[in-house]
Amino acid sequence: MEEAVRKMTSMPARLLGMARRGTIAQGNFADIVIFDPETVSDQSTFSDLQRAPVGIETVIINGEIALNDNKVIYKTAGRLITKDEALEAISL
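Owing to the predicted nature of the structure, the values given are computational and were not obtained by experimental measurement.

J.: So what about the overall build of the protein? Which residues, and what values?
T.: Along its length, the protein carries three helices and four strands. Ordered by position from the N terminus, the helices and strands of the protein form the series α-α-β-β-β-β-α. The proportion of buried residues among the 92 residues of the protein is 10%. Here the contacts in the protein between residues at least 6 apart in sequence split such that 28% fall between residues at least 24 apart. About 7400 Å² of surface is accessible on the protein, with carbon and sulfur atoms providing 57% of the total. With 10 positive and 13 negative side-chain charges, the protein shows a spacing of 5 Å between the two charge centroids.

What follows is the structure, given as structure tokens:
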């Protein structure tokens, strides 16, 4: 579980040069997912990409609660990182 979380958080943040992201530390952005490891499961399919996963209780982006109890609370807490931005960060 620890390795899976690292591969989804600190590792890509480091590879993309995203300072203050990917780890929980004072001064970092508060990006946190609270989930139940026993029940978390992706429910989306190719024909229904918007289907919400199960087992994820709360999502916090930039310190704002974005999802709580399967309800979107704050839609604009984060921003999309484009493929070009990601590739540019990797090549630096």
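Additional details are given in the paragraphs that follow.
J.: Lay out the sheet that holds strand S3 (residues 64–68) in plain terms, naming residues and giving numbers.
T.: Strands sit in the order S1-S2-S3-S4 across an open sheet of four strands; the sheet is antiparallel. Edge strands, defined here as strands with exactly one partner in the open sheet, are strand S1 (32–35) and strand S4 (71–72). Direction of pairing for S1 relative to strand S2 (residues 56–61): antiparallel, over a ladder of four bridges. Paired with phenylalanine 35 across the two strands is isoleucine 56, which belongs to S2.

J.: Residues and numbers for the packing of aromatic side chains, please.
T.: This model, assessed by the stated rule, comprises zero aromatic pairs. The positively charged end of arginine 20 is found above the aromatic ring belonging to phenylalanine 29, 4.6 Å away from the centroid. The side chain of arginine 21 reaches across the aromatic face of phenylalanine 29, ending 3.9 Å from its centre.

J.: Before we move on, could you go through the pairing of S3 and cite the residues and values that matter?
T.: Looking at chain direction, S2 and S3 are connected through four bridges and run antiparallel. Opposite threonine 58, over in S3, you have asparagine 68 as the bridge partner. In sequence, S2 turns back onto S3 through a hairpin of two residues, with asparagine 62 there showing a positive phi of about 55°. Relative to S4, S3 runs antiparallel, the two sharing two bridges. Bridging from a neighbouring strand, leucine 67 pairs with valine 72 of S4. Counted between consecutive antiparallel strands, the loop separating S3 from S4 contains two residues, among which aspartate 69 sits at a positive phi close to 55°.

J.: Outline the pattern of salt bridges, listing residues and values.
T.: Within the structure shown, the criterion is met by three salt bridges. With a shortest N-O distance of 2.4 Å, aspartate 31 and arginine 21 are connected by a salt bridge. Placement of aspartate 31 in the loop between helix H2 (10–15) and S1 and of arginine 21 in the loop between H2 and S1 is noted, with a sequence separation of ten residues between them. You can call aspartate 31 partly exposed: its relative accessible area is 34%. Residue aspartate 48 is joined to arginine 51 by a salt bridge in which the shortest nitrogen-to-oxygen separation is 3.1 Å.

Calculation notes
Residues numbered from 1 in each chain as written. Predicted model: local features only at pLDDT ≥ 70, side-chain atom pairs only at ≥ 80, totals over all residues. Heavy atoms only, no water. Helix = DSSP H or I, 4+ residues; strand = E, 2+ residues; numbered from the N terminus. Buried < 20%, exposed > 50% of the residue type's maximum accessible area, 1.4 Å probe, protein only. Contact = heavy atoms within 4.5 Å. Areas by Shrake-Rupley, 256 points an atom, 1.4 Å probe, with all protein chains shown as cover. Lys, Arg positive; Asp, Glu negative; His and termini not counted. Charge placed at Lys NZ, Arg CZ, Asp CG, Glu CD. Pairing = 2+ DSSP bridges. Phe/Tyr/Trp six-rings, centres within 6.5 Å; stacked < 30°, edge-to-face > 60°. Lys NZ or Arg CZ within 6 Å of the ring centre and 35° of its normal. Salt bridge = Lys/Arg side-chain N within 4 Å of Asp/Glu carboxyl O.

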